[in-house]
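Observations on the three-dimensional arrangement
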Amino acid sequence: MTDRTKVVVVGAGMVGHRFVDELVRGDADRRFEIELIGAEEYEPYNRILLSEVLAGRADLRALGLPLPDADRVLFRRGVAADAIDTAAREVLLSDGGRASYDHLVLATGARAFVPPLPGLARPDGQSDPKHVHVLRTLDDTRNVAARAMNAKHAVVLGGGLLGLEAACGLRRRGVPVTVVDLDTHLMATQLDGPPARMLAARLRSLGVDVVTGTSVAEVISAYDEIVAVRLTDDRLLAADLMIVSCGIRAETGLAAAAGITVDRGIVVDEELRTSDPHVFAVGDCAQPPGGMSGLLAPGWRQAEDLAGCLLGGFGTVAAQPPQPPRAEPVKLKAAGVDLVTMGVRASQAGDHDRVVSVSDGGGNRHADLVLRPNERGDSELVGVTCLGFPDVSAALTLAYDRRTPLPVDPLALLVPASAGGAVEESPSPMRMPGSTTVCRCSGVTKKQIVTAWEEGAATVDAVAGATRATTGCGGCKEVVCGLVDWLNASDPGAAPAAVSTPVTERNMPVESRK
């Protein structure tokens, strides 16, 4: 036991959890002794789905991630890392304990940024007024949901992804909401003006007011509770609940205090090693040479790469670039809104690109497709903005990912296959190719799900445990449920005892499982 390599992971969020899972899965010889330190009292959970819980579209049980194997991992839950003694290679813990390490992995993530607004950052040292929240943790979500039961009007500061998801979640709970954003239009990082204006119209139709080109200048409170906000244009909005969604900042304090080089994040090299050779960083806290993304999928790739390096030896496993060849699709998980955007925006199209735009003001729908000539002499899809076209957004994502040949008339891309369009997402599980990526976050294909099912994973939870499908953004859960139901119904004669729906695959055409 004493000759094993000790790996300590600080941060039990989604990236730290993934790293530990990767290391355990690959360490068949038990060469590593693993310790996971998590400051929150809860078991590991899916932070991405917090807005779904706020909207009432998911319960707390849906957030849970598989617990680390207690036989392989010492999980210190509810214990924070206070300091790192790099000379002694120890982490000093909030409960007075110490965790020695051979390799230390920092997965401390990021914190919500709260601007220093008058009325919040009060110079007299008084605490902030009640009912002003960020939405970053499970406790944050519970507090917002509890206040929403009696709130008369909420203000959401920030018109990005999380701010809009929070606003729609509150509106779904019956709370009148106003979104305030300093940019000239919503989601300025992802959207051009025309689709953003259509998005604002869609939100207003749902009862969410939108105010752009201004910001909150002051938070006004009475008896230590928020009662209003004053905008920079001097308008006054009554508010008894406020959510601040102004981006994130990497948690670098622990590393900086230990003398490890930090910038916007914890500076790491291509192997995710910090300025201390025994300390690594992954996820939102890490600043690799290719830059920081703030997205989950790159963080998961870092976790997988680092685990591979530890298992195979540094220099023997080629770390992947921090950014994929194409930008990750971004989906707005807001109740009542269907929006996906990826790649090149219409305003960013080059001289030789073709932009196809469709705008339907009456239906609050807008689509921009950016097509680019390739070396084969035809065109490929390099950019998509798709608002209000749920029947084709999945197919467009597939065409974008795979660089598949496009129809002569690109407008056919916006017509569902059932209505004569040229792109189809194979709605029948049997017709879906085995190579089809079902879960983009974890890169899980249909074939991998079928293989997991053949090996006994006959429920969605079991498939998630075996493949990690559905454990990211949750956007693939409906497809995974459909696949599992289809597999379980394929042969009623051979069901595992623990599954109510009989399962077997013997009567399924072989080609449909590949």
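Treat the numbers as computed from the prediction; the structure is a model and nothing was measured. (Residues numbered from 1 in each chain as written. Predicted model: local features only at pLDDT ≥ 70, side-chain atom pairs only at ≥ 80, totals over all residues. Heavy atoms only, no water.)

The next thing to look at is the overall build of the protein. Summing up its helical and strand segments, the protein has 11 helices and 27 strands in all. Residue burial in the protein is summarised as follows: out of 514 residues, 50% are buried. Of the contacts formed within the protein by residues at least 6 apart in sequence, a portion of 60% connects residues at least 24 apart. (Helix = DSSP H or I, 4+ residues; strand = E, 2+ residues; numbered from the N terminus. Buried < 20%, exposed > 50% of the residue type's maximum accessible area, 1.4 Å probe, protein only. Contact = heavy atoms within 4.5 Å.)

This next bit is on the environment of Lys446. Checked against the element boundaries, Lys446 lands in helix H9 (residues 446–454). A residue is classified by how much of its surface remains accessible, and Lys446, at 0% relative accessible area, is buried. Taking the C-alpha atoms as reference, Lys446 lies 9.7 Å from Val479; in sequence the two are 33 residues apart.

Let us now look at the nonpolar core. Ranked by internal contacts, the top residues of the largest apolar core, which has 47 residues, are Val8, Val10, Phe19, Val20, Val91, Leu104 and Leu106. In this view, Val20 contacts Val9, Ile34, Leu36 and Val73; residues no more than four positions away in its chain are not counted. Membership of the second largest hydrophobic core comes to 33 residues, among which are Leu54, Ala148, Cys168 and Met198. (Core = buried A, V, L, I, M, F, W, Y, C linked by side-chain atoms within 4.5 Å.)

With respect to topology, five strands assemble into an open sheet ordered E9-E16-E10-E11-E12, the strand pairing being parallel. Two strands bound the open sheet, and with one partner strand each, they are strand E9 (132–133) and strand E12 (208–212). For strand E10 (residues 154–157) and strand E11 (residues 177–181), the ladder comprises four bridges, and the chain directions are parallel. Paired with Leu157 across the two strands is Val180, which belongs to E11. (Pairing = 2+ DSSP bridges.)

Let us look at the pairing of E12. Where E11 lies against E12, five bridges are found, and the strand directions are parallel. Along E12, the bridge assignment pairs Val177 with Val208. Handedness of the E11-helix H5 (residues 193–205)-E12 crossover: right-handed. (Right-handed = clockwise from strand over helix to strand, strands pointing away.)

The alternating pattern of strand E16 (residues 241–244) places Leu241 and Ile243 on one face and Met242 and Val244 on the opposite face, and all of these are buried. Note that E9 and E16 share two bridges and pair parallel. Residue His133 lies in a different strand from E16, and its bridge partner there is Ile243. Inspection of the sheet shows E10 paired to E16 by four bridges, in the parallel sense. Across the sheet, residue Val156 finds its bridge partner in E16, namely Ile243.

Okay, the packing of helix H1 (residues 14–26) against helix H7 (residues 296–312) next. The relative placement of two packed helices is expressed as an angle between their axes plus a distance between the axes. At a minimum axis separation of 8 Å, H1 and H7 run at an interaxial angle of 35 degrees. Crossing of H1 over H7 shows right-handed handedness. Facing Met14, Val15, Arg18, Phe19, Glu22, Leu23 and Gly26 of H1, the residues of H7 in contact are Leu296, Gly299, Trp300, Ala303, Glu304, Leu306, Ala307, Leu310 and Leu311. Its residues assigned to classes, the contact of H1 with H7 shows 11 nonpolar, two polar and three charged. (Axes fitted to C-alpha atoms, helices over the stretch in contact; angles between N-to-C directions. Left-handed = near helix turned anticlockwise from the far one by under 90°. Nonpolar A, V, L, I, M, F, W, Y, C, P; charged D, E, K, R; others polar.)

The end-to-end C-alpha separation of H7 is 24 Å, in line with the 24 Å expected for 17 residues at 1.5 Å each. The buried fraction of H7 is high, at 13 of 17 residues. Remark: Gly313 follows H7 within two positions and exhibits a positive phi of approximately 100 degrees. (Expected span 1.5 Å × (residues − 1).)

Considering the arrangement of structural elements, one finds Asn488 in helix H11 (residues 477–489). Sequence-wise, Asn488 and Trp453 are 35 residues apart; in three dimensions their C-alpha atoms are separated by 8.9 Å.

Turning next to the packing of H9 against H11. Closest axis-to-axis distance for the H9/H11 pair is 11 Å, and the angle between their directions is 45 degrees. Accordingly, the angle class assigned to the pair H9 and H11 is oblique. Read as a crossing pair, H9 and H11 show a hand that is right-handed. Where H9 approaches H11, its residues Lys446, Ile449, Val450 and Trp453 are matched on the opposing element by Val480, Leu483, Trp486, Leu487 and Asn488. (Parallel < 35°, antiparallel > 145°, perpendicular 65-115°, else oblique.)

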